[in-house]
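The chain contents come next:
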Amino acid sequence: MTESYPSFTPFLLANPFIRNAPALLVERICRHAMATMHHRYRPVFERVAEQEAFALLISPTDLDLQFYLKIDADHPELRPARHIEEETVAAQISGPLPALLELLQGTSDGDALFFSRTLRIEGRTELVVALRNALDGESIDLRSAVAESFGMMGPAARAALGLAEKIYRQLQHDMNRTANALTSPTAKRLLGVEKRASAQAVTLAEIEKTIQRRNRHTRPKPSGAAKDDFALPANP
């Protein structure tokens, strides 16, 4: 599996809490999420796993956590990946968590995410394509799924999710401004270097043309037979 750099998203700020969260709590959240999704969208699991059940390794590049996702019509599974090297998976999907969630909900162009390398696949690509096609044909609403999973507390959960999304958008805006402020001077310097390199390439090309023209004009004309230095002098 290839190593990738973390994406600059607000989920990076959650890593200290995720690293120190009790493993049992994370596992229970994953099980609850999978049970909710399986209950609401069972036809998706049935279509994808019609030929065979398989497992994927989901690797958010902005989280210090990877997930083992088993696609099965009857017994799907979602849990933290404990020992990556020992997990038997058909493929790995890597990318920023927001892009992974957009792919899950079908709110973005899956092909564009993969062709732009925002999301990367390693392993059996055809299984990931089948999953993406099944998700594209289904209207998945994660917000409603999470809210309804809280039962009578659903309205409060929906309000909390709305507030969390608002804070997330504000954080992402601030982080984008910070990234632009940090990279803008370097980008300007690189642009200047590129312009100077292009100008030097044009200058070198002109010099080369000038040298070639001079060589054509100063080429020596062919002369007669060369004199033999070892020839004997003629008899008087």
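Every value quoted in this text rests on a predicted model; they were computed, and no experiment measured them.

S.K.: How should the sheet that holds strand S5 (residues 120-123) be read in this particular structure?
M.R.: Strand pairing in a sheet is mediated by backbone hydrogen bonds. Such pairs are either parallel or antiparallel. An order of S3-S2-S1-S4-S5 is seen for the five strands of this open sheet, with the pairing classed as mixed. Whereas interior strands pair on both sides, the edge strands pair on one side only; in this sheet they are strand S3 (77-80) and S5. Taking the axes of each pair of neighbouring strands and ignoring which way they run, one obtains an average angle of 20° across the sheet. The sheet contact formed by strand S1 (residues 54-60) and strand S2 (residues 67-71) spans five bridges and is antiparallel. By the bridge assignment, Leu-56 is partnered in S2 with Leu-69.

S.K.: Got a minute to help me understand the pattern of salt bridges in this structure?
M.R.: Side-chain pairs of opposite charge can arise where the charged atoms are in close proximity. Tallying each qualifying case throughout the model produces six salt bridges. The shortest N-O distance in the salt bridge between Arg-42 and Glu-46 comes to 3.0 Å. Here Arg-42 and its partner Glu-46 are both found in helix H3 (residues 42-48), four residues apart, which amounts to about one turn of the helix. A salt bridge links Asp-74 to Arg-42; its shortest N-O distance comes to 2.6 Å.

Rules and cut-offs
Residues numbered from 1 in each chain as written. Predicted model: local features only at pLDDT ≥ 70, side-chain atom pairs only at ≥ 80, totals over all residues. Heavy atoms only, no water. Pairing = 2+ DSSP bridges. Helix = DSSP H or I, 4+ residues; strand = E, 2+ residues; numbered from the N terminus. Axes fitted to C-alpha atoms, helices over the stretch in contact; angles between N-to-C directions. Salt bridge = Lys/Arg side-chain N within 4 Å of Asp/Glu carboxyl O.

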